[in-house]
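# Chains, contacts and geometry: an overview
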Amino acid sequence: MRKLIFGMNVTLDGYIAATGVDIGWGGPPSDELFQWWLDQERASDLSLYGRKLWETMSSYWPTGDQRPGATPAEIEFARNWRDTPKVVFSSTIDKVDWNTRLVTGDAVAEITRLKAEDGGPMSIGGATLAGAAMRAGLIDEYALAAYPVLVGGGTPFFTALDSWVNLNLVETRTFPGGVVLTRYETRR
């Protein structure tokens with residue numbers, strides 16, 4: 001069974017975007033944190049996206065390696081992003097590209113099917129999609145890179161749940177700028 005990992009940058013009060021879908025609260029990540037995210041992306045065999053995150057990622061990363069001043073890590077991230085198979089879950093878009101497949105049906109059923117396949121880890125991103133996977137008990141690992149900022153509202157990292165989810169802490173790490181990474185595995 002494949003492992004499903006949900007990881008994102010978050011505010012200290014638990015939001016992935018401030019009110020108005022504002023993600024500018026974090027500023028650019030440190031080189032060290034960016035490298036950590038790149039290593040996570042390299043380790044993932046398949047990336048699962050909700051529509052909003054797909055639109056954000058696909059508006060930048062297909063040509064991220066061609067931008068003036070792109071760092072070696074950004075160049076590698078862009079190339080890896082293009083090469084990694086992706087699945088986008090949406091009922092409102094009708095076309096995807098960059099090694100991507102569109103799923104318009106039941107996301108939980110498709111994620112369950114994908115988890116049952118042989119293969120390496122899968123990453124999941126997007127609050128709505130990850131929330132559905134959380135409620136269905138499909139997420140095996142959570143990675144939060146918490147920035148030292150409070151925004152008071154917006155899009156939460158965690159969704160409302162029907163029951164408790166017990167976790168085991170597997171890693172903590174501090175990055176420049178006071179960003180603290182915590183990784184947890186779901187206790188099964």
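Cut-offs and rules
- Residues numbered from 1 in each chain as written.
- Predicted model: local features only at pLDDT ≥ 70, side-chain atom pairs only at ≥ 80, totals over all residues.
- Heavy atoms only, no water.
- UniProt positions renumbered as here; feature names shortened; annotations may be inferred.
- Helix = DSSP H or I, 4+ residues; strand = E, 2+ residues; numbered from the N terminus.
- Phe/Tyr/Trp six-rings, centres within 6.5 Å; stacked < 30°, edge-to-face > 60°.
- Buried < 20%, exposed > 50% of the residue type's maximum accessible area, 1.4 Å probe, protein only.
- Lys NZ or Arg CZ within 6 Å of the ring centre and 35° of its normal.
- Axes fitted to C-alpha atoms, helices over the stretch in contact; angles between N-to-C directions.
- Parallel < 35°, antiparallel > 145°, perpendicular 65-115°, else oblique.
- Left-handed = near helix turned anticlockwise from the far one by under 90°.
- Contact = heavy atoms within 4.5 Å.
- Nonpolar A, V, L, I, M, F, W, Y, C, P; charged D, E, K, R; others polar.
- Expected span 1.5 Å × (residues − 1).
- Core = buried A, V, L, I, M, F, W, Y, C linked by side-chain atoms within 4.5 Å.
- Pairing = 2+ DSSP bridges.

### Brief notes about the UniProt feature "domain: Bacterial bifunctional deaminase-reductase C-terminal" (unreviewed entry) in the protein chain
Look at the UniProt record and you will see "domain: Bacterial bifunctional deaminase-reductase C-terminal" (unreviewed entry) annotated at residues 2-181. This span, residues 2-181, is 29% helix and 28% strand, and a straight line between its end C-alpha atoms measures 23 Å.

### Looking at the packing of aromatic side chains
In total, this model carries 12 aromatic pairs according to the counting rule given. With 4.7 Å between their ring centres and 80° between their planes, Phe 157 and Phe 158 make a pair best called edge-to-face. A relative accessible area of 1% means that Phe 157 is categorised as buried. What links up through ring pairs into an aromatic cluster is the set Phe 6, Tyr 142, Phe 157 and Phe 158. When the ring centre of Trp 81 is taken as reference, the NZ or CZ atom of Lys 86 above it lies at 4.4 Å.

### Things to note about the packing of helix H1 (residues 31-43) against helix H3 (residues 72-83)
At a minimum axis separation of 10 Å, H1 and H3 run at an interaxial angle of 25°. Considering the angle they form, H1 stands roughly parallel to H3. Regarding H1 and H3, the two cross each other, and that crossing is left-handed. Every residue of H3 that contacts H1 at Phe 34, Gln 35, Trp 37, Leu 38, Glu 41 and Arg 42 is listed here: Ala 73, Glu 74, Glu 76, Phe 77 and Asn 80. Split into classes, the residues belonging to the contact of H1 with H3 amount to 5 nonpolar, 2 polar and 4 charged.

### Quick notes on H3
Spanning 12 residues, H3 covers 17 Å between terminal C-alpha atoms, matching the ideal 16 Å at 1.5 Å per step. Looking only at H3, the buried set comprises Ala 73, Phe 77, Ala 78, Asn 80 and Trp 81.

### Details of the nonpolar core
Ranked by internal contacts, the top residues of the largest apolar core, which has 39 residues, are Leu 4, Phe 6, Leu 48, Ile 111, Ile 124 and Ile 139. Contacts of Leu 4, omitting those with residues within four sequence positions, involve Leu 48, Ile 111, Lys 115, Met 122, Ser 123, Ile 124, Ala 133, Leu 138, Ile 139, Asp 140 and Glu 141.

### Describing the sheet that holds strand E9 (residues 167-175)
The strand order across the open sheet formed by 8 strands is E5-E4-E3-E6-E1-E7-E10-E9, and the pairing between neighbours is mixed. One side of each edge strand has no neighbouring strand; the edge strands of this open sheet are strand E5 (100-103) and E9. Across the sheet, the mean angle separating the axes of adjacent strands is 20° when strand polarity is ignored. Where strand E3 (residues 46-50) lies against strand E6 (residues 122-125), 4 bridges are found, and the strand directions are parallel. When the bridges of E6 are listed, Leu 46 appears paired with Met 122. Across the sheet, helix H2 (residues 51-58) touches strand E1 (4-11), E3, strand E4 (86-89), E5 and E6, and the angle it forms with E3 is around 115°.

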